[in-house]
Amino acid sequence: MQTQNPGLTSELATGQSQETLLQRYQDAILGIFGSPSRTLVKGEGSRVWDANGKSYLDLLAGISVNALGHCHPKWVKAIADQASTLGHISNLFTSPTQIALAEKLLGLAQAPEGSKVFFANSGTEANEAAFKLARRHGNADPSGQRRRILALERGFHGRTIGALAMTAKTQYRTPFEPMPAGVEHIPFGDIAALEQHIDETVAAVIMEPIQGEAGVYGLSREYLQKARALTREHGALLIYDEVQSGMGRTGSWFAHQGVEAELGSVQPDAMTLAKGLGAGFPIGAMLTFGTEASELLQPGQHGTTFGGNPLATAAALATISVMEEEQLLSHAKQKGRQTAATLEGLDCVAEVREHGLLIGVDLKPVENSSGIGAAVVAAGLEAGFILNATGPNTLRIAPPLVITEAELDEFCQALPELYAAAQQKG
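What counts, and where the lines are drawn
Residues numbered from 1 in each chain as written. Predicted model: local features only at pLDDT ≥ 70, side-chain atom pairs only at ≥ 80, totals over all residues. Heavy atoms only, no water. Axes fitted to C-alpha atoms, helices over the stretch in contact; angles between N-to-C directions. Helix = DSSP H or I, 4+ residues; strand = E, 2+ residues; numbered from the N terminus. Parallel < 35°, antiparallel > 145°, perpendicular 65-115°, else oblique. Left-handed = near helix turned anticlockwise from the far one by under 90°. Contact = heavy atoms within 4.5 Å. Nonpolar A, V, L, I, M, F, W, Y, C, P; charged D, E, K, R; others polar. Phe/Tyr/Trp six-rings, centres within 6.5 Å; stacked < 30°, edge-to-face > 60°. Lys NZ or Arg CZ within 6 Å of the ring centre and 35° of its normal. Core = buried A, V, L, I, M, F, W, Y, C linked by side-chain atoms within 4.5 Å. Buried < 20%, exposed > 50% of the residue type's maximum accessible area, 1.4 Å probe, protein only. pLDDT = per-residue confidence, 0-100. Pairing = 2+ DSSP bridges.

1. Considering the packing of helix 3 (residues 73-83) against helix 12 (residues 310-325)
For any two helices packed against each other, the geometry is given by the interaxial angle and the distance between the axes.
Here's step 1: In contact at an axis separation of 9 Å, helix 3 and helix 12 are set at 155° when each is read in the N-to-C sense. In terms of their interaxial angle, helix 3 and helix 12 are classed as roughly antiparallel. Along this stretch, helix 3 crosses helix 12, giving a crossing that reads as right-handed. For the pair formed by helix 3 and helix 12, the contact residues are Lys74, Trp75, Ala78, Ile79, Gln82 and Ala83 on the first element and Pro310, Leu311, Ala314, Ala315, Ala318, Thr319, Val322 and Glu325 on the second.
Here's step 2: A breakdown of the residues in the contact of helix 3 with helix 12 according to their chemical character gives ten nonpolar, two polar and two charged.

2. Topic: the packing of helix 4 (residues 96-108) against helix 12
Here's step 1: One can describe the packing of helix 4 onto helix 12 by two numbers: an axis separation of 8 Å at closest approach and a directional angle of 40°. Taken together, the axis directions place helix 4 and helix 12 in an arrangement best described as oblique. The handedness of the crossing between helix 4 and helix 12 is left-handed. Where helix 4 approaches helix 12, its residues Thr97, Gln98, Ala100, Leu101, Lys104, Leu105 and Leu108 are matched on the opposing element by Pro310, Thr313, Ala314, Ala316, Leu317, Ile320 and Glu324.
Here's step 2: A class-by-class count of the residues in the contact of helix 4 with helix 12 yields nine nonpolar, three polar and two charged.

3. Describing the packing of aromatic side chains
Here's step 1: Considering all chains together, one arrives at two aromatic pairs under this definition.
Here's step 2: Residue placement shows arginine 159 over the ring face of tyrosine 172; its charged tip is 4.2 Å from the ring centre.
Here's step 3: Over the ring of tyrosine 217 we find arginine 353, and its NZ or CZ is 4.0 Å from the ring centre.

4. Re the nonpolar core
Here's step 1: Within the largest apolar cluster, 82 residues are counted, with the highest numbers of intra-cluster contacts made by Leu105, Met207, Val376 and Leu415.
Here's step 2: By residue number, the principal contributor to this core is helix 15 (residues 405-425), which donates eight residues.
Here's step 3: In this structure, leucine 415 is in contact with Leu343, Leu346, Cys348, Val349, Leu363, Val376 and Leu395, ignoring residues within four places of it in sequence.
Here's step 4: If you look at the next biggest cluster of nonpolar residues, it comprises 22 residues, including Ala151, Ala165, Tyr172 and Val183.

5. Let's talk about the environment of glycine 43
Here's step 1: When you line up the elements, glycine 43 lands in strand 1 (residues 40-44).
Here's step 2: With 14 residues separating them along the chain, glycine 43 and leucine 57 place their C-alpha atoms 9.9 Å apart.
Here's step 3: Residues in contact with glycine 43, not counting those within four places in the same chain, are Val48, Trp49, His70 and Cys71.

6. Description of the confidence of the model for the protein chain
Here's step 1: In this model, the protein chain carries an average pLDDT of 94, and 95% of its residues clear a pLDDT of 70 or more.
Here's step 2: Overall, residues 1-12 carries pLDDT values under 50, and its contacts beyond four positions in sequence, including any with other chains, amount to 36 contacts.

7. What to know about the sheet that holds strand 4 (residues 116-120)
Here's step 1: With respect to topology, seven strands assemble into an open sheet ordered 4-12-11-10-7-5-6, the strand pairing being mixed. For this open sheet the edge positions go to strand 4 and strand 6 (183-186), each flanked by a neighbour on one side alone. Going from strand to strand, the sheet's axes swing by 20° on average, the running direction of each strand aside.
Here's step 2: When strand 4 meets strand 12 (residues 284-288), the two strands line up antiparallel, connected through five bridges. Bridging across to strand 12, phenylalanine 119 finds its partner in alanine 285.

Structure follows, in structure tokens:
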């Protein structure tokens, strides 16, 4: 299941072993991420290598980030070329790559005339911009009563304070309360609850079309259509967080576009992006749809130092170019369906939720166990697979979009063995 790269040894770069590097991490880095399990030093395609030379099939892609895999030559060249030309200029100026990327994203989103883009550095920063957009919309209402923001239970929008207020998990929010006021969390996918809570006091409704952090749960076509109709009726903004589900991961450029053919437009008033947008280079974005939403934030009301700089936007342009040239959207859709069908046939699997190459896998619970997900992740790491558990018995599969059928089959064939190994370790 694992391979050794002859170009890698235990004395990579620093001349130190993985164990030594992990100890240095513990001594120097704030412990907010816990203890890392490996020191990774090299990647190529859908595989990475640790400091001891062991190979792993990457089925997480930096949490849905490395859309082109690792070190795609066209992506590497674009960054190197841009770095040798112009790296950072501040937002007192613009650059050709910034303008071109904004135009490209608006085209991919099929945004109407008057739509705009704000560039940030991450998904949580894009959602902070969306939070402020919602506040501006509410404050512009003559009634002075449009103060509420509705978000969905189980949702995850980031760790900065505004994004955290919209995030549902109380264990994330409680240590940092009080949160910004006015955010309410309503049941996920419940149309009746949405109808009950929305009125003219709501400034915005924010939702992930597919909740990745919760275990890959997608909102129904009917829910998205109803949310669009209700927000229009009551004068609220509809905001999609497509940080994880956007940029081709589901087989459409953006997850909400996958439902429009059957239901008509469910286009939002704003949409946030990051993760796969730069395929590993930090960049986020908020798109505003139409003139009204695009004029809410005025000069001086929001900003960023690094957002949209030439280097980041060149990386994103290269990412999109490769996705188009290699037809990765159709690849994600096809390989996602094939993988889901294979997983559904395994005895250890209870349920599969597939959205292209964003797949939730519920493993069958083990008697007298609080959950086997983490143990399967650990067994996978020992066997040469990078996996992620989002719940006691749930795996999230989000590999590079360039992953091959053979690599996906390798994982599917190994999963029963990983499950059995996890059971034995109990």
